[in-house]
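Structural overview
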2 protein chains.
Amino acid sequence: MIQPTAAPFYLDCDTGIDDALALAYLLATPRAELVGIGTVSGNISAAGGARNTLDLLKLAGHPDIPVAIGAHDPQVGSFHGGAPHVHGDNGIGGVELAPSDREPVEATAAELLVQLAHKYAGALRVVAIGPLTNIAEALRLEPRLPDLIAEITIMGGAALAPGNITPVAEANIANDPEAAAEVLAAEWNVTLVPLDVTMTNVLEETHRQELLASEHPVSQALGEMLGYYFGFYVDIFGRACSAMHDPLAAAIAVRGVELTLAPTVRVEVDTTSGPSRGQTVCDLRGQYLGFPDQRGARCRVVLEIGEDFAPHLLGTMQAAWLSEEELTAPVA
Amino acid sequence: MIQPTAAPFYLDCDTGIDDALALAYLLATPRAELVGIGTVSGNISAAGGARNTLDLLKLAGHPDIPVAIGAHDPQVGSFHGGAPHVHGDNGIGGVELAPSDREPVEATAAELLVQLAHKYAGALRVVAIGPLTNIAEALRLEPRLPDLIAEITIMGGAALAPGNITPVAEANIANDPEAAAEVLAAEWNVTLVPLDVTMTNVLEETHRQELLASEHPVSQALGEMLGYYFGFYVDIFGRACSAMHDPLAAAIAVRGVELTLAPTVRVEVDTTSGPSRGQTVCDLRGQYLGFPDQRGARCRVVLEIGEDFAPHLLGTMQAAWLSEEELTAPVA
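Residues numbered from 1 in each chain as written. Chains lettered and ligands numbered in written order. Predicted model: local features only at pLDDT ≥ 70, side-chain atom pairs only at ≥ 80, totals over all residues. Heavy atoms only, no water.

Overlaying chain A with chain B gives an RMSD of 0.0 Å, the required rotation being 180 degrees about an axis along which the chain moves by 0.0 Å. Expressed as an axis order, the relation between the two copies is that of a two-fold axis. Relative to the rotation axis, the C-alpha of A:Leu160 is the closest in chain A, positioned 2.6 Å from it. Most of the interface of chain A is mirrored in chain B: 100% of its interface residues are interface residues there too. (Least-squares fit on C-alpha atoms with pLDDT ≥ 70 in both. Contact = heavy atoms within 4.5 Å.)

Now the structure itself:
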């Protein structure tokens, strides 16, 4: 098989256990070259997420990727303090990583994104796996952003599946509905990876054990973090396992998995103060005709993928890091 | 099998092709004694719905059931003029019935409901298959209504299925969200029959042909009406057939069909002016545990029934009317 040329990627995240998985996947896959990372408050504060990101990059041996701290507060109201019951107090399940001595760059996340969008004009791909505050800010800093970006993939929302933070709203969107509304109304093609597909692709305890048994320190650290994450999901799934929100969005962004059901439809974000605030209102009334695309719509809503995701996720990391170890192994 | 004792029922409707099916079913089933009918604007005006109802009662040989005209306008705004593209200009697909010479009663629908609730205190069952304006009005007329009514079954809303009038809202609820919010917040046990189950139980052309071939004039008239209704649904289902919203709610109300998935959960109606206005926000976050009931919740949301509904619907009418013909057949 011919290796695809790696495309330049900007990752916007709130690191976060599943963000850590997404970051590891993007570092491992030969399909992506990660050229910059911005953080936003969500699972943890933007500053805390930047620290976790820097420490993970150090552990992974990628000390060269710039990390920028983004918005601490959403457009309306202020940061709610994160989700320690899901991700632990430090955002990565209490796992203590060797601290990086690198600092975030001076630029904000939105500024870094705009810089990279110009540097890689027409080629940069964006993966946004936290609240969309930074992306909305970048759109305001550079209204031509939709022309400069090749595409954007967002983990967020719930289409026909229940929400996870309210009956109908998913956390990334609900943490800044106004920003999400701006991002989804902009004139670019969005791929939305909602709970419909992230909750039906699950990491099991056997997968976690595989990570723990790996010789690579990133895999081991991820396995440890997942111990905490699995604990939260016991109440959701009735067993120790977890959804794979962010790594699935990353894999979809790099075309690492096949989409078997992903209609392009009108999507509107509910920014009222009512019970549906933060909902991604996806027009899926075409359900009974097999979800045909809607003319003029720009948001592709991923409802199904064509394979079991966990083996792809673990296999991608294993393949990358095994070959790395082989390359750096001392000659006998 | 021992025939169950017929319970007294009040029907609130906007007749309507599928309302006509529900009415026919309630007249046919031995499980219900229809003691009063109120109409509300929805598929057609409240006054037009009352005329259709009186004409259908005449055709069915039930000239004794009181019919009351209810609210013409919803609580906010005014009646939008009905759904002639779905139900025809006269509400029953252009079918012309022999006109009844009966008049609606003097009382409003809400007043009739309150009267019947006292007359059949503790026993009356309510089936509401139109916008909930009359039911909300009755709750204000008689705050003890929840204690007087045995139970209420509502055709309306969309839980995990798409809406039919907006991406997330179903017509009965969206036509008067404020009334629906009042009805769902009242202290009674509600069974909600949403699009999730009414759109997956379909009448096919073969069923329509069965109705047309019947010797009973009500079945024949229903078959003719469905010709119009099927035409609307071609764009939804890709073939001539129809959903069975209202008759399914009626059958569930009389316990004519088995519910295989119907969790009791918190339900809130969106009354904002945002994109989710009229949505029934059902808390189905328990999906991954098989939808357990929620403590303190009072609304049972029907998601699945255990059988093919069309044979039950047609069979109920056939059984009732065959025996009627036998009873009235001249002795040879």
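Once the structure has been displayed, the description carries forward.
The subject of this paragraph is unusual backbone geometry. Residue and element names in this part refer to chain A. Here Thr-15 and Gly-16 are connected by a cis peptide whose omega angle stands at 5 degrees. By the element assignment, Gly-16 lies in the loop between β1 (7–13) and α1 (17–28). Residues other than glycine seldom take positive phi values, yet Phe-291 does so here, at roughly 60 degrees. Position of Phe-291 among the secondary structure elements: in the loop between β12 (280–282) and β13 (299–301). Its relative accessible area of 15% is what places Phe-291 among the buried residues. (Helix = DSSP H or I, 4+ residues; strand = E, 2+ residues; numbered from the N terminus. Buried < 20%, exposed > 50% of the residue type's maximum accessible area, 1.4 Å probe, protein only.)

Our focus in this paragraph is the environment of B:His207. Relative to the elements of secondary structure, B:His207 occurs in helix α10 (residues 205–213). A distance of 2.8 Å separates the side chain of B:His207 from the backbone nitrogen of B:Glu204, its partner in a polar contact. (Polar contact = N/O pair within 3.5 Å; in protein donor to acceptor, adjacent residues only side chain to side chain.)

With that out of the way, let us pick up the sheet that holds strand β4 (residues 124–128) of chain A. Sheet strands associate in pairs through backbone hydrogen bonding, adopting either a parallel or an antiparallel arrangement. All names here are of chain A. Ordered in space as β3-β2-β1-β4-β5-β6-β13-β10, the eight strands form an open sheet in which the pairing is mixed. Of all strands in the sheet, those with a lone pairing partner are β3 (67–69) and β10 (264–265), marking the two edges. Packed on one face of the sheet, helix α12 (residues 245–253) meets β1, β4, β5 (149–155) and β6 (190–193) and runs near 155 degrees to β5. (Pairing = 2+ DSSP bridges. Axes fitted to C-alpha atoms, helices over the stretch in contact; angles between N-to-C directions.)

Moving on: the packing of α10(B) against helix α11 (residues 217–237) of chain B. All names here are of chain B. Contact pair α10 / α11: the axes reach a minimum separation of 7 Å and the direction vectors enclose 150 degrees. The chirality of how α10 crosses α11 is left-handed. Packed against α10, whose contacting residues are Glu-205, Arg-208, Leu-211 and Leu-212, the element α11 presents Ser-219, Gln-220, Leu-222, Gly-223, Glu-224, Leu-226, Gly-227 and Phe-230 at the interface. Residue classes in the contact of α10 with α11 are distributed as five nonpolar, four polar and three charged. (Left-handed = near helix turned anticlockwise from the far one by under 90°. Nonpolar A, V, L, I, M, F, W, Y, C, P; charged D, E, K, R; others polar.)

Moving on to the interface of chain A and chain B. Across the boundary between the two partners, chain A contributes 31 residues, which contact 31 residues of chain B. Summing both partners gives a buried area of about 2400 Å² for chain A against chain B, and 65% of it is carried by carbon and sulfur. Our enumeration of links across chain A and chain B arrives at zero salt bridges. For the side of chain A that touches chain B, the secondary structure elements donating two or more residues are α11 (217–237), β11 (267–269) and β12 of chain A. No other element matches the three residues that α11(A) contributes to the side of chain A that touches chain B. Its residues assigned to classes, the side of chain A that touches chain B shows 17 nonpolar, nine polar and five charged. (Buried area = accessible area lost by both parts, 1.4 Å probe. Salt bridge = Lys/Arg side-chain N within 4 Å of Asp/Glu carboxyl O.)

All right, on to the confidence of the model for chain A then. Per-residue confidence for chain A gives a mean pLDDT of 95; residues scoring 70 or more make up 96%. Across the predicted assembly, pTM comes out at 0.95 and ipTM at 0.94. (pLDDT = per-residue confidence, 0-100.)

Residues and elements named next belong to chain B. Counting buried positions along strand β2 (residues 32–39) gives seven out of eight residues, so the element sits mostly inside the fold. Note: strand β1 (residues 7–13) against β2, seven bridges, orientation parallel. By the bridge assignment for β2, Asp-12 is matched with Gly-38. In this region the chain leaves β1, passes through helix α1 (residues 17–28) and returns to the parallel neighbour β2; the handedness of that crossover is right-handed. As paired strands, β2 and strand β3 (residues 67–69) are joined by three bridges and run parallel to one another. When the bridges of β3 are listed, Gly-38 appears paired with Ala-68. Remark: the β2/helix α2 (residues 46–60)/β3 crossover connection has right-handed handedness. (Right-handed = clockwise from strand over helix to strand, strands pointing away.)

With numbering matched to this structure, UniProt assigns "domain: Inosine/uridine-preferring nucleoside hydrolase" (unreviewed entry) to residues 10–306 of chain A. The distance separating the terminal C-alpha atoms of residues 10–306 of chain A is 26 Å; by composition the span is 37% helix and 18% strand. (UniProt positions renumbered as here; feature names shortened; annotations may be inferred.)

Once that is clear, we can look at the environment of B:Asp293. Residues and elements named next belong to chain B. Within the secondary structure, Asp-293 is located in the loop between β12 (280–282) and β13 (299–301). In the structure, Asp-293 is positioned 30 residues away from Pro-263 in sequence and 5.1 Å away in space, judged by C-alpha atoms. For Asp-293, the contacting residues outside a window of four places in its chain are Ala-262, Pro-263 and Thr-264. Here the side chain of Asp-293 touches Thr-264 through a polar contact of 2.8 Å, landing on its backbone nitrogen.

Here we take up the sheet that holds strand β5 (residues 149–155) of chain B. All names here are of chain B. Spatially, β3-β2-β1-β4-β5-β6-β13-β10 is the arrangement adopted by the eight strands of the open sheet, whose pairing is mixed. Strand pairing shows two members of the sheet lacking a second neighbour, β3 and β10 (264–265), which therefore form its edges. As paired elements, strand β4 (residues 124–128) and β5 share five bridges and run parallel to each other. Each bridged residue has a counterpart across the sheet, and for Arg-125 the counterpart in β5 is Glu-151. Where helix α5 (residues 133–141) meets the sheet, its contacts fall on β1, β2, β4 and β5, and the angle it forms with β1 comes to roughly 120 degrees.

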